[in-house]
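# Inside the fold
Chain by chain, the residues run as shown.
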Amino acid sequence: MSGQDAATATTTTTTMTMATLNVGVGADGDGDGGGGNGDQQRTARGIGASVPSADTRAKAEGTFPYAADLWAEGLLWAAVLRSPHAHARIRSIDTTAAAEMPGVRAVITHADVPGATTHGRRIADRPVFAHDVVRHHGEPIAAVAADHPDTARLAAAAIAVEYELLDAVTDPEQSFGAAPLHPDGNLIRHIPLRYGDPDATGEVVVEGLYRIGRQDPAPIGAEAGLAVPRPDGGVEIYTASTDPHTDRDLAAACFGLDPDRVRVVVTGVPGATADREDPAFQLPLGLLALRTGCPVKLAATREESFLGHAHRHPTLLRYRHHADAEGRLVKVEAQILMDAGAYADASAESLAAAVAFACGPYVVPHAFVEGWAVRTNNPPSGHVRGEGAMQVCAAYEGQMDKLAAALGIDGAELRLRNALATGDLLPTGQTVTCPAPVAELLRSVRDFPLPSLPKDTPEEDWLLPGGPEGAGEPGAVRRGVGYGVGMVHMLGAEGADEVSTATVKVAGGAATVICAAVDTGQGFSTLARQIVQEVLGIDEVTTAPVDTDQPPAGPSAHGRHTWVSGGAVERAAKMVRTQLLQPMAHQLGMSTELLQIQDGRITSYDGAFSLSVAEAIEGKELWATAQCRPHPTEPLDDHGQGDAFVGLAFCAIRAVVDVDIELGTVRVVELAVAQDVGRILNPRQLEARIEAGVTQGVGAALTENLRSVAGLVRHPDLTGYPLPTSLDAPAVRIVRLVEERDVVAPFGAKAASAVPVVTTPAAVASAVRAATGRPVNRIPIRPSAAVAVSNS
């Protein structure tokens, strides 16, 4: 998101008491009780200011209440038995030994699910507990509740399951001819995109085969939650959900309850770059709480976290680019095969983004793309920031490098000759109506001064690939400069209903925002506070804790809360503003439009009337509720055509890398970033959000790949899955932020966090190609791919 989405999850400690339950929860965007800096908040306010998030101090001091910190009187501990196999038939499940262990209060399997036995946020194809067949490593089979976490784990391990091993389908190309892995078949979706003349050809043709690995969201805080039974036979689930209303409806269906008897309360979210909470963690909690009549807590181990939640889709991409002698694109042909893992999840949506953006932010008169998403016995894939767009960006930018080399044209210049602009058509036939300053972004990073070469500094001060003492010899280090240009869509696509509702209340001299938009680290709570400060001139603004008793606001993805929920907050605040100003305007004999609120005062257009906002709201209670719904979109048709997206955001990155061409180690020296943000809403947080996205992209480019062998995940821990640390983070130079407002978006702002993630891997790969002369067609980049063709 733009600016405001850089904040970490702005929640503050709120003590909620229900019977014997005391849980620290909340999604508060203000108030020193959450560790906020009150003095800073009074000096920085409104849209365009660097308003700090309220929870900064609490998180720094370790007092912020995350889901793993939840506690309730008399709680039981849960453990889940997971499949050790990628594909097997279940012959029998014997829970006798587990149920007889001292301290065990309940053992449940598929036979104990009272409602729907399958679930899914988009397609209900995933069992709550596997019963006939397990389809991926780590699939839940049973769950236990006990009076101690060690007892629960021992009991889960004591459940005897007899398996008949089946051949695992782990190659998505083999999925087409394999026996069905699921009653719905192996093909989840096929999108054929047809645009232009299939017989068109170019004077220069380049081809490439690209593979993108399985990136994990790797949340620093693993999944955790607490379920509490209610006196009416319902249940409350306290967890770090990013889409509480969908989770509630899904859980209610599986519990056999009406949705109004299930309440999801959002606890402190420890950041999210994907669907934060896997339902496979939440559903056993609720079922065990209902079975035992006691609060039940589950805190996943890091291994369970890796095995359970969704990952970025591994993708195989084949490309053929046609261009004329001047380097202008004529036709793009592509085949995109996405590995969905065992279940559908968000694969259909991810595939739509991949196919639609397969040509990148370039003008292509003819495009023919085939896209497939298929089931395998690999770990599950789903929504991860920039899904679909990141995979194709790495591929089409690799093709642009190949074209530049074949034509003898500078890579940046080739991209400029083909840059997309407002008014151009996407290969889906949709007109780009939003600002699309692609050429401007490219020129900005191209013209930015390059960092100094290592030879300009003493040898002992060199930062060499591989870390301190990492390079074999300084003479083996080569520097490369490369480019990446990426694009993402904002909000949902293909007809998704993006409505959000918000309420603004003024009482006791302060304002409260009630909106079920979850702040996952994108900074919505900070934005909501800024909006109300801007519209009403009130300094003290808080956001209420999020739960499903509030109207739905939708999932926290694609920058939607900046646009939809922020728009709802703005409309509600303006309605309250009218309620506040109307009596004054009536007394003055003028319309409310002739009164303005600025710097905490209400003044008339002629300056004859002036009153502080604090005085005006004293003793008043005002409130209003409003909705925001962007213009509708439509699904892609049988030829991949349609106005499927509400808005687009673009980014250009120039990467500078040093490569040890003997060892294949890579150091990212600098990433120069230019991005179209629409409007800067919070400068400091925007900068932080871009830097965070770039760092996540560096991880995808160089180190992050959840490896599996025959469907079994290898080293599901943070040792076997290396995340980039502060020592790996490159210098990020934000050289240009283009503020060209999108007129159909509230505030004119665009999403800002996903597009740097999408673009960074492509830019890093481009720079490694320049340094080594190798094709670099895998992400993450293997050391063998970074060893130069020649050491001369």
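Each value, and the rule that gives it
Residues numbered from 1 in each chain as written. Predicted model: local features only at pLDDT ≥ 70, side-chain atom pairs only at ≥ 80, totals over all residues. Heavy atoms only, no water. Helix = DSSP H or I, 4+ residues; strand = E, 2+ residues; numbered from the N terminus. Buried < 20%, exposed > 50% of the residue type's maximum accessible area, 1.4 Å probe, protein only. Contact = heavy atoms within 4.5 Å. Areas by Shrake-Rupley, 256 points an atom, 1.4 Å probe, with all protein chains shown as cover. Pairing = 2+ DSSP bridges. Axes fitted to C-alpha atoms, helices over the stretch in contact; angles between N-to-C directions. Patch = residues over 30% accessible without salt bridge, like charges linked within 9 Å, V, L, I, M, F, W, Y side chains within 5 Å. Salt bridge = Lys/Arg side-chain N within 4 Å of Asp/Glu carboxyl O. Lys, Arg positive; Asp, Glu negative; His and termini not counted. Charge placed at Lys NZ, Arg CZ, Asp CG, Glu CD. Disulfide = S-S within 2.5 Å. pLDDT = per-residue confidence, 0-100. Phe/Tyr/Trp six-rings, centres within 6.5 Å; stacked < 30°, edge-to-face > 60°. Core = buried A, V, L, I, M, F, W, Y, C linked by side-chain atoms within 4.5 Å. Parallel < 35°, antiparallel > 145°, perpendicular 65-115°, else oblique. Left-handed = near helix turned anticlockwise from the far one by under 90°. Nonpolar A, V, L, I, M, F, W, Y, C, P; charged D, E, K, R; others polar. Expected span 1.5 Å × (residues − 1).

We now examine the overall build of the chain. Counting its secondary structure elements, the chain contains 16 helices and 33 strands. By principal-axis analysis of the C-alpha atoms, the chain measures approximately 80 × 75 × 60 Å. Looking at the chain as a whole, 62% of its 792 residues are labelled buried. Within the chain, counting contacts between residues at least 6 apart in sequence, those at least 24 apart form 79% of the total. Counting every atom, the chain has about 28500 Å² of accessible surface; 50% of that belongs to carbon and sulfur.

It is worth spelling out the sheet that holds strand β27 (residues 622–628) at this point. Whenever strands of a sheet pair, they do so through backbone hydrogen bonds, lying parallel or antiparallel. The strand order across the open sheet built from four strands is β23-β22-β21-β27, with neighbouring strands paired in mixed fashion. In the strand order of this sheet, the two ends are held by β23 (541–543) and β27, each with one partner. Going across the sheet, the axis of each strand differs from the next one's by a mean of 20 degrees, ignoring polarity. As defined by bridge partners, strand β21 (residues 500–507) adjoins β27 across seven bridges and the pair is classed as antiparallel. Of the residues in β27, the one forming a bridge with Thr501 is Gln627.

The strand order β8-β4-β10 describes an open sheet built from three strands, whose pairing is antiparallel. Two strands lie at the open edges of the sheet, namely β8 (133–134) and β10 (160–165), each paired on one side alone. As paired strands, strand β4 (residues 88–94) and β10 are joined by six bridges and run antiparallel to one another. Residue pairing for β10: Ala88 is matched across the bridge by Leu165.

As a further point, take the side chain of His313. Relative to the helices and strands, His313 resides in the loop between α7 (302–308) and β17 (315–323). A relative accessible area of 0% means that His313 is categorised as buried. Apart from the residues within four sequence positions on either side, His313 is in contact with Gly213, Met338, Asp339, Ala340, Ser347, Ser350, Ser381, Gly382 and Gln391.

In this section: a negative patch on the surface. Together, Glu634, Asp637, Asp638 and Asp643 line one region of the surface with negative charge. Among the secondary structure elements, Asp643 is positioned in the loop between β27 and β28 (647–660). Classification of Asp643 as partly exposed rests on a relative accessible area of 40%.

Once that is clear, we can look at the state of the cysteines. The full count for this structure, using the stated rule, is zero disulfides. We note that Cys628 lacks a disulfide partner, and the nearest cysteine sulfur, in Cys515, lies 10 Å from it.

What follows deals with the confidence of the model for the chain. Overall, the prediction assigns the chain a mean pLDDT of 88, with 91% of residues at 70 or greater. A low-confidence stretch, residues 1–43 (pLDDT under 50), is modelled with 167 contacts involving residues beyond four sequence positions or located in other chains.

Time to look at the pattern of salt bridges. Under the counting rule described, the total for this entry stands at 33 salt bridges. With a closest N to O distance of 2.8 Å, Asp125 and Arg375 form a salt bridge. In this pair, Asp125 is assigned in the loop between β6 (118–119) and β7 (126–127) and Arg375 in the loop between β19 (366–374) and α9 (389–407), connecting sequence segments 250 residues apart. Accessibility assignment for this pair places Asp125 and Arg375 in one class, buried. Salt bridges linked by common partners bring Arg230, Asp232, Glu236, Arg263, Asp547 and Asp549 together as one network.

Another point: the environment of Ile212. Position of Ile212 among the secondary structure elements: in strand β12 (residues 204–212). Distance in space between the C-alpha atoms of Ile212 and Ala649 is 22 Å, their sequence separation being 437 residues. Residues in contact with Ile212, not counting those within four places in the same chain, are Pro314, Thr315, Leu317, Met390, Gln391, Ala394 and Ile779.

To continue, consider the packing of aromatic side chains. Evaluation of the coordinates by the stated rule reveals five aromatic pairs. Between Phe176 and Trp372, the ring centres sit 5.9 Å apart and the planes meet at 85 degrees, which makes this aromatic pair edge-to-face. Taken together, the residues Phe176 in the loop between β10 and β11 (187–195) and Trp372 in strand β19 connect sequence positions 196 residues apart. Phe176 sits in the partly exposed class, given a relative accessible area of 45%. Between the aromatic rings of Tyr362 and Tyr396, the centroid separation amounts to 6.1 Å while the plane-to-plane angle is 90 degrees, which identifies the pairing as edge-to-face. You can see Tyr362 sitting in the loop between α8 (347–356) and β19 and its partner Tyr396 sitting in helix α9, a full 34 residues away along the chain.

Glancing now at the nonpolar core. In this structure, Tyr319, Ile336, Phe357, Leu648, Val764 and Val768 are the most contacted members of the largest nonpolar core, which totals 108 residues. Top element by residues in this core is α9. It accounts for eleven residues. The contact partners of Tyr319, leaving out residues within four places of it in the chain, are Val206, Glu207, Gly208, Tyr210, Val332, Glu333, Ala334, Ala358, Val392, Ala395, Tyr396 and Gln399. If you look at the next biggest cluster of nonpolar residues, it comprises 54 residues, including Val541, Leu581, Ala624 and Ala749.

On to the packing of α9 against helix α16 (residues 754–772). Any two packed helices are characterised by the angle at which their axes cross and by the distance between the axes. Two numbers describe how α9 lies on α16: the axes approach to 8 Å, and their chain directions differ by 30 degrees. In terms of axis orientation, α9 runs roughly parallel to α16. Two packed elements cross with a definite hand, and for α9 against α16 that hand is right-handed. Where α9 abuts α16, its residues Ala389, Met390, Cys393, Ala394, Glu397, Gly398 and Asp401 lie against Val757, Val758, Thr759, Pro761, Ala762, Ser766 and Arg769. In the contact of α9 with α16, the residues fall into eight nonpolar, three polar and three charged.

Turning to helix α12 (residues 524–536), a few remarks are in order. A turn of α-helix holds 3.6 residues, and therefore any two residues three or four places apart point the same way. Compared with the 18 Å implied by 1.5 Å per residue over 13 residues, the 18 Å span of α12 between its first and last C-alpha is a close match. Counted residue by residue, α12 has twelve buried out of 13 residues, so it is predominantly covered. Among the residues making up α12, those that are buried are Phe524, Ser525, Thr526, Leu527, Ala528, Arg529, Gln530, Ile531, Val532, Gln533, Val535 and Leu536. The first or second residue beyond α12 is Gly537, which carries a positive phi of 70 degrees.

Further remarks concern the environment of Ala179. You can see Ala179 is positioned in the loop between β10 and β11. Residue Ala179 is classed as exposed on the basis of its relative accessible area, which comes to 57%. Expressed as a C-alpha distance, the spacing of Ala179 and Pro465, which sit 286 residues apart in the sequence, is 46 Å.

We now examine the packing of helix α5 (residues 244–255) against helix α6 (residues 279–292). Following both chains from N to C, one finds α5 and α6 inclined at 50 degrees, their axes separated by 10 Å at the closest point. Put simply, α5 runs oblique to α6. Here α5 runs over α6; the crossing is right-handed. When α5 is examined against α6, the residues Asp247, Leu250, Ala251, Cys254 and Phe255 are found in contact with a partner set consisting of Pro279, Gln282, Leu283, Gly286, Leu287 and Leu290. By residue class, the composition of the contact of α5 with α6 is eight nonpolar, two polar and one charged.

Turning our eyes to something else, we now look at unusual backbone geometry. The residue after Ile779, namely Pro780, is reached through a cis peptide bond having omega 5 degrees. Inspection of the secondary structure puts Pro780 in the segment after β33 (778–779). In this model, Ala710 sits at a positive phi of 55 degrees, which is unusual for a non-glycine residue. Counting through the fold element by element, Ala710 comes out in the loop between β30 (708–709) and β31 (712–713).

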